[in-house]
Amino acid sequence: GVLAICEGRKTGRSDTGEIDLVVRRSEDGGRTFGPLQVIAGDPPHTMGNPCPVADRDTSVIWMPITRNLGHDAESRIIDGTSEGTREVWICHSLDDGYTWSWPVQITQWTKKPTWTWYATGPGVGIQLRTGRMVIPCDFVEAGSKLHGSHVIYSDDHGESWRLGGVVGAEVNECQIVE
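Residues numbered from 1 in each chain as written. Predicted model: local features only at pLDDT ≥ 70, side-chain atom pairs only at ≥ 80, totals over all residues. Heavy atoms only, no water.

**Structural notes on the overall build of the protein chain**
Here comes step 1: Secondary structure assignment for the protein chain yields two helices and 13 strands.
Here comes step 2: Taking 16 Å as the expected radius of gyration for a compact globule of 178 residues, we find that the protein chain reaches 16 Å, a close match to that expectation.
Here comes step 3: The C-alpha extent of the protein chain, read off along each of the three principal axes, is 50 × 40 × 25 Å.
Here comes step 4: Counting over 178 residues, the protein chain shows a buried share of 46%.
Here comes step 5: Restricting to contacts in the protein chain with at least 6 residues of sequence separation, those with at least 24 account for 50%.
Here comes step 6: When the accessible surface of the protein chain is split by element, carbon and sulfur atoms take 54% of a total near 8,700 Å².
Here comes step 7: The averaged location of the 24 negative side-chain charges in the protein chain is 2 Å from the averaged location of its 16 positive side-chain charges. (Helix = DSSP H or I, 4+ residues; strand = E, 2+ residues; numbered from the N terminus. Rg over C-alpha atoms; globule rule 2.2 N^0.38 Å. Buried < 20%, exposed > 50% of the residue type's maximum accessible area, 1.4 Å probe, protein only. Contact = heavy atoms within 4.5 Å. Areas by Shrake-Rupley, 256 points an atom, 1.4 Å probe, with all protein chains shown as cover. Lys, Arg positive; Asp, Glu negative; His and termini not counted. Charge placed at Lys NZ, Arg CZ, Asp CG, Glu CD.)

And the structure:
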């Protein structure tokens, strides 16, 4: 099947507010799509930045995402004046996207404590020829507000995720290729 995954922004176009991750599935190569399905939601908070990667060895689809309080705007998170911060979560599907696990938090392994803003993706992750799964991400450093890009990766079929290489200065959303 073909999966169309995006943010379901309930209160407007903003990155702030009640946002769920949603999917529509096509069984005919993308000509038609079935009903909208919520992958992950935490009302009234934000769960966004879906960046799926399919493990070709296990057929599991991994979905790193970010979460923050729905009332915390990006500018306040970057300034350090928000109530909360951005967290990194992950869920997965064992059945080609029909059902999804409840997301679990992986922030402590994938985000430096000095980073305020954090985003997985946009787009998709890749699986290298070695089997490593890699997700493109970006961040903002506290204080200096330096924007950078980085990756997170898994070498054990998604069982654990780690922070990988960091590049920047003044870069932002990125993609990854092998």
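**Observations concerning the side chain of Arg25**
Here comes step 1: Positionally, Arg25 belongs in strand S2 (residues 19–26).
Here comes step 2: Exposure remark for Arg25: the relative accessible area of 13% places this residue in the buried category.
Here comes step 3: A polar contact is formed between the side chain of Arg25 and the side chain of Glu27, at a distance of 2.6 Å.
Here comes step 4: Contact partners of Arg25, with chain neighbours within four places excluded, come to Gly1, Val2, Leu3, Thr32, Phe33, Gly34, Asp96, Gly97 and Tyr98. (Polar contact = N/O pair within 3.5 Å; in protein donor to acceptor, adjacent residues only side chain to side chain.)

**Re unusual backbone geometry**
Here comes step 1: The step from Pro43 to Pro44 runs through a cis peptide bond, and the omega angle for that step is 5°.
Here comes step 2: Considering the arrangement of structural elements, one finds Pro44 in the loop between strand S3 (37–40) and strand S4 (46–48).
Here comes step 3: Here the residue pair Gly121 and Pro122 is connected by a cis peptide bond, since its omega of 5° sits within 30 degrees of zero.
Here comes step 4: Structurally, the position occupied by Pro122 is in the loop between strand S9 (115–120) and strand S10 (126–127).

**Details of the packing of aromatic side chains**
Here comes step 1: Scanning the model with the defined rule gives three aromatic pairs in all.
Here comes step 2: Consider the rings of Trp62 and Trp161, whose centres lie 6.4 Å apart with planes at 65°: the pair is edge-to-face. A residue pair is termed long-range when its members are at least 10 positions apart, and Trp62 in strand S6 (residues 61–68) and Trp161 in the loop between strand S12 (147–154) and strand S13 (162–167) qualify at 99 residues. The two residues Trp62 and Trp161 agree in class, both being buried.
Here comes step 3: Consider the rings of Trp115 and Tyr118, whose centres lie 6.1 Å apart with planes at 45°: the pair is tilted.
Here comes step 4: Residue classification places Trp115 among the buried positions, given a relative accessible area of 3%.
Here comes step 5: The ring of Tyr98 carries Arg25 above its face, with NZ or CZ at 3.7 Å from the centroid.
Here comes step 6: One residue, Arg86, lies across the ring of Trp117, its end atom 3.8 Å from the ring centre. (Phe/Tyr/Trp six-rings, centres within 6.5 Å; stacked < 30°, edge-to-face > 60°. Lys NZ or Arg CZ within 6 Å of the ring centre and 35° of its normal.)

**Here's the deal with the pattern of salt bridges**
Here comes step 1: The final tally for this structure, using the stated rule, is eleven salt bridges.
Here comes step 2: Two residues, Arg129 and Glu178, come together in a salt bridge whose shortest N-O distance is 3.9 Å. A residue pair is termed long-range when its members are at least 10 positions apart, and Arg129 in the loop between S10 and strand S11 (133–141) and Glu178 in the segment after S13 qualify at 49 residues.
Here comes step 3: With relative accessibility at 69%, the residue Arg129 sits in the exposed group.
Here comes step 4: Overlapping salt bridges, with partners in common, bring together Glu7, Arg9 and Asp15 in one network. (Salt bridge = Lys/Arg side-chain N within 4 Å of Asp/Glu carboxyl O.)

**Some points on the pairing of strand S7 (residues 87–93)**
A regular strand places its side chains so that they alternate between the two faces of the sheet.
Here comes step 1: Judged by how many residues are buried, S7 sits mostly within the fold: six of seven residues are covered.
Here comes step 2: In the sheet, S6 pairs with S7 via seven bridges, with the strands oriented antiparallel. By the bridge assignment for S7, Trp62 is matched with His92.
Here comes step 3: Here S7 pairs with strand S8 (residues 104–105) via two bridges, running antiparallel. Looking at S8, one finds that Trp89 is bridged to Gln105. (Pairing = 2+ DSSP bridges.)

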